[in-house]
Amino acid sequence: MAKKDYYNILGVKKDAKADEIKKSYRRLARKHHPDVNPGDKASEDKFKEVQEAYDILSDEKKRKVFDRFGYYADNLDVNSPFSSGPTSSGGGGAAGYDFSGFDFSTGPTSGGGSSFRDIFSDLFSGGGGSSAKAQPEPPRAMPKKGRDIEIPLALSFEESFTGLTTNITVNRSEQCSRCQGAGDTGGPVVTCPTCKGKGQVMRTGGRLQFSQECPDCEGTGRRRQPCSVCNGKGVTPKSEQVKVKIPAGVDTGSRVRIPKKGHGGRLGAEPGDLFILTNVGKHKFLERKGDNIYITVPITVSEAALGTKIDVPTVEGKAQLKIPSGTESGQKFRLRERGFPSLRNPTLRGDQFVEVKIALPRVISEETKDVLREFERLNPENPRKVIGLE
Ligand SMILES: [Zn+2]
Ligand SMILES: [Zn+2]
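Here's a quick rundown of the structure. Source: prediction; values computed, not measured.

Here the focus is the nonpolar core. Soluble globular proteins: nonpolar side chains tend toward being buried together. By size, the foremost hydrophobic cluster in this structure holds 23 residues, and its most contacted members are Tyr6, Leu10, Ile21 and Leu57. Elements supplying a minimum of two residues to this core: helix H1 (6–10), helix H2 (18–32), helix H3 (41–57) and helix H4 (60–69). Of the residues forming this core, the biggest block, 6 residues, is contributed by H3. Apart from residues no more than four positions distant in its own chain, Leu10 is found in contact with Ile21, Ser24, Tyr25, Leu28, Val50, Ala53, Tyr54 and Leu57. In this structure, Phe157, Ile299, Phe333 and Phe340 belong to the second largest nonpolar core, which totals 19 residues.

Burial along strand E8 (residues 255–258) is one-sided: Val256 and Ile258 are buried, and none of Arg255 and Arg257, which face the opposite way, are. The pairing of E8 with strand E9 (residues 274–280) spans 4 bridges and is antiparallel. Directly across from Arg255, in E9, lies its bridge partner Leu277.

A word on the sheet that holds E8. Reading across from one edge, E1-E9-E8 is the order of the 3 strands in this open sheet, with mixed pairing throughout. Lying at the two open borders of the sheet, with one neighbouring strand each, are strand E1 (149–155) and E8. The average undirected angle you get between the axes of adjacent strands in this sheet is 30 degrees. Judged from the 7 bridges that link them, E1 and E9 form a sheet pairing that is parallel. Bridge pairing in E9 places Leu155 opposite Val280.

Relative to the helices and strands, Thr327 resides in the loop between strand E13 (317–323) and strand E14 (332–335). What makes Thr327 buried here is its relative accessible area of 6%. For Thr327, the side chain forms a polar contact with the main-chain oxygen of Pro324, separated by 2.6 Å. Discounting residues that sit within four places of it in the chain, Thr327 has contacts with Ile299, Ala304, Phe333, Val356 and Ile358.

Right, let's talk about the environment of Phe285 for a bit. Its location among the elements puts Phe285 in the loop between E9 and strand E10 (287–289). Sequence separation between Phe285 and Val297 is 12 residues; the distance between their C-alpha atoms is 9.3 Å. In this structure Phe285 touches Tyr294 and Ile295, once residues within four positions along its chain are discounted.

Thresholds, definitions, all that
Residues numbered from 1 in each chain as written. Chains lettered and ligands numbered in written order. Predicted model: local features only at pLDDT ≥ 70, side-chain atom pairs only at ≥ 80, totals over all residues. Heavy atoms only, no water. Core = buried A, V, L, I, M, F, W, Y, C linked by side-chain atoms within 4.5 Å. Buried < 20%, exposed > 50% of the residue type's maximum accessible area, 1.4 Å probe, protein only. Helix = DSSP H or I, 4+ residues; strand = E, 2+ residues; numbered from the N terminus. Contact = heavy atoms within 4.5 Å. Pairing = 2+ DSSP bridges. Axes fitted to C-alpha atoms, helices over the stretch in contact; angles between N-to-C directions. Polar contact = N/O pair within 3.5 Å; in protein donor to acceptor, adjacent residues only side chain to side chain.

What follows is the structure in structure tokens.
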């Protein structure tokens, strides 16, 4: 039998405390678990080795034997001064663990010390201590506030400006009318039907399966006869039309709270809330930033030079904007309080900013070219000279 340094395998010191060993084991078992490393023989071997090391070091008696003899075999007794090493008959002995026999659904074995089967049940749930202890009286349900519900809602740019009232179908739950959310009606104590008495239920997280404390019996495996109306859940499903009022000014990502329209509470506790998560569509020309609106509008050379009045789209229809003579390309104008109402203070409104861009005419005819040459003759000023470039 090859001698292995179990302390080295688990990466702990010789005087490591039990919980230190357990912590290190959990970390390594997770890292090398065959579900995490499918088809990786090296990880599989490492996983077995880590199991073996933990099996010895987590058992006080076995650990003493290992500390004394440098290896472990069942026939060694640390208390016997005459014990002189193994008679190598164990045929595998402690090394004979095979993870393929693991059944994650197996709940903690009752009474067993710190075998890795126990620890496995909480390996992936992040739990720490032992969870299942048989108790004479099953736990009593406690009043519990219902969970919140979040529902996305798409609305148009214009709807986000005006606000919107609509009906939404919400699949929520309500406190059971028969048991008032207790989950039972005080009947006899029975084996928990949810976990079949194991105290643990299976859950799937990604590709991993792991067991978790049964929520219906709090891990005890026993409970009072479940209520026949809610099957012991304390709440019953309900599809409900909920009237939803979306205030003016919401943006993408706004959360609108509708109180007490989440899942039902238990034993008289309040229901959770309903949250509407808004997603606002785009406008063809207008762009929103905060409560302000931005738009770029093209104007002609002569409009910029001579000045004019133009119609500009806003979220409420057209607005007139005065372009003064001598307007430069890129100049910005403000339309006061033509933006979105503030969600925090509905009496306040953002502004709309209009950036004008001078659009050059497409010069096609000889006649236009002649006009432009004449224009240049009348306006000989060189704009580069004006700013000192030339
Ligand atoms: Zn019920
Ligand atoms: Zn249960």
